[in-house]
Amino acid sequence: PGVLLGLTVYTYQPSRVVPLSYLVFVGFLLIRQRAIIARHWRAVSVFLGVALLVTMPLLIFLLTHPQAETARAFQTEPIRALLSGNVQPAIDTAVATLKMFTFDGAGDPQILYNISGRPVFVGSGSLLFYLGLIVCVWRWKKPEYAFMLIWLAITLLPNMLTAPAPFFYRAIAAQTPV
């Protein structure tokens, strides 16, 4: 699993947040379910260590070649605005991302991944999505539900903080918890 997690960051730029899901989940377990970490600390350490080891060449390359990521600089405008104190572009992309799930006309405008503007869920699919989300929030203290919420929130971050939004392909890592 550590090898696969490490390889994930090589696949697509938004996938680079996926390891953060596991780190936040381990933090959650340290706070809420310490006994799980106490029982499995070796396995967790090997998992995260191997993932870091596999990821290391990419991290070193990106740190020593910052210009390698400039081809998509236009997409990071909301992040740059946020860092300079302007929160509005980040709010706009976050709201657009959240609306893509069930709001008519708020889906990805590109015909490539769906009918242009169509949300991810329509009709009863929308109800089931919100019901599942409510169940997860209601049971957030259980690790399996907490992990789904953490995974969903973190894997939506690239879409919420970059332009244009929504962009279904950039949110692909959120597909499983959704």
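Look up: the structure comes first, before these words.
This one's a predicted model, so the numbers in the text were calculated from it and none came from an experiment.

Peer 1: Explain the side chain of T155 to me, please; I cannot follow it from the model alone.
Peer 2: Within the element layout of this structure, T155 appears in helix α7 (residues 143-160). Within the structure, T155 has its side chain in polar contact with the backbone oxygen of L152 (distance 3.4 Å). Leave out the neighbours within four places in its chain, and T155 touches V17, V18, S21, R170, A173 and A174.

Peer 1: So what exactly am I meant to see when it comes to the packing of aromatic side chains here?
Peer 2: The geometry of an aromatic ring pair comes down to the distance between the two centres and the angle between the two planes. Applying the stated criterion to the full structure yields ten aromatic pairs. With centroids separated by 6.2 Å and ring planes inclined at 15 degrees, the aromatic side chains of F25 and F28 adopt a geometry described as stacked. With F25 and F28 both in helix α2 (residues 18-32) and three residues apart, this pair spans about one turn of that helix. Its relative accessible area of 11% is what places F28 among the buried residues. By the ring-pair criterion, three or more aromatic residues cluster together here, those being Y22, F25, F28, F47, W140, F147 and W151.

Peer 1: Help me understand helix α5 (residues 88-99), please; the structure alone is not making it clear to me.
Peer 2: Side chains that are three or four residues apart share a direction in an α-helix, a result of its 3.6 residues per turn. With twelve residues, α5 should reach 16 Å at 1.5 Å per residue; the first-to-last C-alpha distance of 16 Å fits that figure. Those residues of α5 that sit buried are A90, T93, A94, A96 and T97. Within α5, the buried residues cover an arc of 165 degrees as seen down the axis, which keeps them to one side. Taken together, the buried residues of α5 touch α4 (77-83) and α7.

Peer 1: When you look at the side chain of T97 in this model, what are you seeing that I'm missing?
Peer 2: With respect to the element layout, T97 can be found in helix α5. A polar contact of 3.1 Å, which involves the side chain of T97, links it to the backbone oxygen of N159. With sequence-adjacent residues up to four places away left out, T97 is seen in contact with L156, N159, M160, A165 and P166.

Peer 1: Honestly, the environment of Q75 in this entry has me stumped. Any pointers?
Peer 2: Within the fold, Q75 resides in the loop between α3 (34-64) and α4. Once the C-alpha coordinates of Q75 and A165 are considered, the two residues, 90 residues apart in sequence, prove to be 9.5 Å apart. With near-sequence residues (within four places) excluded, Q75 lies in contact with L161, T162, A163 and R170.

Peer 1: Quick question: what am I supposed to make of the pattern of salt bridges here?
Peer 2: Side-chain pairs of opposite charge can arise whenever the charged atoms involved come near each other. Taken as a whole and judged by the stated rule, the model has one salt bridge. Linking R80 and E77 is a salt bridge whose minimum nitrogen-to-oxygen distance equals 2.9 Å. Residue R80 and its partner E77 are both found in helix α4; the two are separated by three residues, about one turn of the helix.

Basis of the calculations
Residues numbered from 1 in each chain as written. Predicted model: local features only at pLDDT ≥ 70, side-chain atom pairs only at ≥ 80, totals over all residues. Heavy atoms only, no water. Helix = DSSP H or I, 4+ residues; strand = E, 2+ residues; numbered from the N terminus. Polar contact = N/O pair within 3.5 Å; in protein donor to acceptor, adjacent residues only side chain to side chain. Contact = heavy atoms within 4.5 Å. Phe/Tyr/Trp six-rings, centres within 6.5 Å; stacked < 30°, edge-to-face > 60°. Buried < 20%, exposed > 50% of the residue type's maximum accessible area, 1.4 Å probe, protein only. Expected span 1.5 Å × (residues − 1). Arc of directions from axis to C-beta. Salt bridge = Lys/Arg side-chain N within 4 Å of Asp/Glu carboxyl O.

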